[in-house]
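# Structure at a glance
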Amino acid sequence: MNVVNNSRIYVSGLKPCVTADELKDEFAKFGDVSSIELIVPKEHDKKKSRKKSSRQPFAYVTFSSESVADGVISRHEEWKNHLGPQEEIITPPLYSIVKLAKPISVIPCFAKRLKKSVDDHEAITNLVLQTNPRPNLVLLVHSSHLDRTVKLIFDLEKEKSKFPFESPCYVGSWSSKTKNTSFIFLSTCKEDAISGDGANVSRMYWYDYFMSNPILVRFAIRKLYAVDQVVRIPPSEQHSEQRTKRLVDAALALIGKTNEDDLGDNIILKVKAYPPKQNEFQKRIVSELYQRKEQIESDDAWQRKFAMDSIDHTHILSFLQLFNPQSYAKNMRATDIQTLDEIFMIGISRIPRHEIDNFPSYATMDGDVADDEDICRAYFKLKEAMDYYRRDTQNDPISFVGKVAFDCGSSPGGWTKYLLEDENCDLVYSCDPGKLDPCVESLPGTRYLKMRGKDGIEQVRKEGNIVHLWVSDMCLVDPKDQVHHLLMAKERGILSDDATFVLTLKFNTGHCKETFDRYAQEELSYLKESLNVANVKLYHLFSNRKGERTLIGQLQ
């Protein structure tokens, strides 16, 4: 229930350099002032705001009685409208707007934040404490890639015969309200085996699996954490020093009860914390461990030595903050979040073969073009598309070794490079009026056609070659033109009867996944109406942008 405090007023139109003391002196003329809350927007808030009024300071003033507040509001109206006697008109005050303050709980922004903080806290608590099996591996991914990453995890079950361990169990996911980051919680073993050797071996296998996938590392995964237990920090211990000590205590206790064969006699730790920059969180953890080093090693119960080294280390000690009440504190009173715990997950694991911090932003590519970002992105887009298509059409294997391909809209050359080096095509027509990277143009098998697609089709017809693989990454105003170019190539007789095609559909209108998916389905229907095709697949690849979809199939 909302209780309106009629002795509290809202004051705005303040000059930028006003102080709380100046306001108190100004309003003390009307009666006793109980409290003053002066809000001065930070510099970055001023830049973000488009409204001039929201860039100015404002204040809440609480009086000892409602009659004083009423008197301030009435006197301000008289001054504003010049209704009082002429001799009583005073110099304009420090403020220009005064009105009765609304109760805090009815301000939509506050109410929304308060509800979201409670809901998120409950959701995370249920996810990490009440699920079975418990999560022991956490992926941090770009929120725009969340659905694609979850789908990939479920698809692993289809290929379980290829792996030495059971595919990871999807426990759940949660999206952070900031930083465009989502958490995916996985369990790599049954609950009763989480603390055993099997759990660690299985977990590190899947850790390496995700980190050795260049597509995931480059486009989707931000961080990956091996975790073992949940730590809840009550409000009374959420200050930096107390929180750090509590977390280090929990981490050392975890190390102490971890299987000795898994840790060894000497431990060289690297601390990995999320979020890494918040209140120098990671530095505080490292500093606390250094301070305790001698004390820990002198303890008879501690049967091993440990050191800290971020480069040459044997184990990773992970601290993952899942819920921070203070991140919801904007426009909220401190008392409203004092009942919520901070939630962390911590873990200790051997160093994996691939660490995300040291893994390159994209996989190593042969040649000098590896440093060209545009070429690399295009290269991996086609590679990812072909890998998925071969996986989904295993009963109808395709090969382009020694064949001819046509790359329509090839600049700067990533797809041409992939076709020559990975698909081992004998000849690739690289067609684009734009510039082709010299490193790609010089590759054996590249036939650079500096012209538009329709002119390139005529050139291939004149040369008498038959194309077995048609790929197009053109950016077109109307995505249907992708189908039109393919249809033109078919009509001009340059495509083999069973030619494979890869088309990138780029949509310039729409704002959400559902809209782009609907557009893509419309283009797929148009393709099937225009051509006789088989084995057609529609993908939203990790390397696709939000408004892109990739269409692959074969003529028949």
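The notes below deal with the structure included here. (Residues numbered from 1 in each chain as written. Predicted model: local features only at pLDDT ≥ 70, side-chain atom pairs only at ≥ 80, totals over all residues. Heavy atoms only, no water.)

### Some details on the overall build of the protein chain
As a reminder, the rule being used: Helical segments are the DSSP runs of H or I of at least four residues, strand segments are the runs of E of at least two, and each set is numbered from the N terminus. Accessible area is worked out with a 1.4 Å probe on protein chains only. A residue is then buried under 20% of its type maximum, exposed over 50%, and partly exposed in between. Here, two residues are considered to be in contact whenever any of their heavy atoms come within 4.5 Å of each other. Note on areas: these come from Shrake-Rupley sampling with a 1.4 Å probe, and a residue is covered only by the protein chains present in the view.
Within the protein chain, the regular secondary structure consists of 16 helices and 20 strands. The buried share of the protein chain, taken over its 556 residues, is 47%. Taking the intrachain contacts of the protein chain between residues at least 6 apart in sequence as the baseline, contacts between residues at least 24 apart amount to 71%. Accessible surface computed for the protein chain: about 27,900 Å², of which carbon and sulfur atoms make up 49%.

### Some details on the nonpolar core
What counts here: Put simply, buried Ala, Val, Leu, Ile, Met, Phe, Trp, Tyr and Cys residues joined by side-chain atoms within 4.5 Å make one nonpolar core.
Among the nonpolar cores identified, the biggest contains 52 residues, and Leu 137, Leu 139, Ile 184, Phe 210, Leu 382, Leu 419 and Phe 542 are the most heavily contacted of them. Top contributing element to this core by residue count: helix α11 (residues 373–392), with eight residues. When sequence neighbours within four positions are dropped, the list of residues in contact with Leu 382 reads Trp 415, Tyr 418, Leu 419, Val 471 and Val 502. If you look at the next biggest cluster of nonpolar residues, it comprises 32 residues, including Val 483, Leu 503, Phe 516 and Val 533.

### A word on the sheet that holds strand β18 (residues 495–506)
Pairing between the strands of a sheet comes from backbone hydrogen bonds, and it takes one of two forms, parallel or antiparallel. We count it as follows: Should DSSP find at least two bridges between two strands, the strands are taken to pair. Every angle, taken between N-to-C directions, lies between 0 and 180 degrees, and every axis is a line fitted to C-alpha atoms, over only the stretch in contact when it is a helix.
As summarised here, the arrangement of the seven strands in space is β16-β15-β14-β17-β18-β20-β19, forming an open sheet in which the pairing is mixed. Each having just a single partner strand, β16 (446–449) and β19 (533–539) make up the two edges of the open sheet. Between one strand axis and the next, the sheet turns through 15° on average, direction left out of account. Where helix α16 (residues 513–530) meets the sheet, its contacts fall on β18, β19 and β20 (548–555), and the angle it forms with β20 comes to roughly 20°.

### Comments concerning the pairing of β20
In terms of burial, β20 is a largely internal element, eight of the eight residues being buried. Bridging between β18 and β20 involves seven bridges; their strand directions are antiparallel. In the sheet register, Leu 503 faces β20, and the bridge partner there is Leu 551. Where β19 lies against β20, five bridges are found, and the strand directions are antiparallel. Within β20, the position partnered with Ala 534 by the bridge is Gln 554.

### Quick notes on unusual backbone geometry
Looking along the chain, the bond that leaves Tyr 274 and enters Pro 275 is cis, with omega of -5°. Secondary-structure assignment places Pro 275 in the loop between β10 (266–274) and α10 (281–297). Here the amide bond leading from Ser 411 into Pro 412 is cis, since omega sits at 5°, within 30 degrees of zero. Checked against the element boundaries, Pro 412 lands in the loop between β14 (404–408) and α12 (414–421). Here the phi dihedral of Asn 424 falls at roughly 55°; this positive angle occurs in a residue that is not glycine. Tracing the backbone shows Asn 424 in the loop between α12 and β15 (427–431).

### What to know about the environment of Arg 377
By secondary structure assignment, the location of Arg 377 is in helix α11. In the structure, Arg 377 is positioned 159 residues away from Arg 218 in sequence and 9.0 Å away in space, judged by C-alpha atoms. In this structure Arg 377 touches Arg 218, Phe 219, Ser 543, Asn 544, Arg 545 and Glu 548, once residues within four positions along its chain are discounted.

### Describing the side chain of His 145
Inspection of the secondary structure assignment puts His 145 in the loop between β5 (137–142) and α5 (146–155). The buried category is assigned to His 145, whose relative accessible area is 9%. When near neighbours in sequence (up to four residues on either side) are disregarded, His 145 contacts Phe 219, Ala 220 and Phe 542.

### Quick notes on the sheet that holds strand β1 (residues 8–12)
Strands sit in the order β2-β3-β1-β4 across an open sheet of four strands; the sheet is antiparallel. Since the sheet does not close on itself, it has two edges, and those belong to β2 (33–39) and β4 (97–100), each with one partner. Averaged over all neighbouring strand pairs, the angle between strand axes comes to 20°, with direction disregarded. As judged from the six bridges shared by β2 and strand β3 (residues 58–63), these two strands associate in the antiparallel manner. The partner of Ile 36 across the bridge, within β3, is Val 61.

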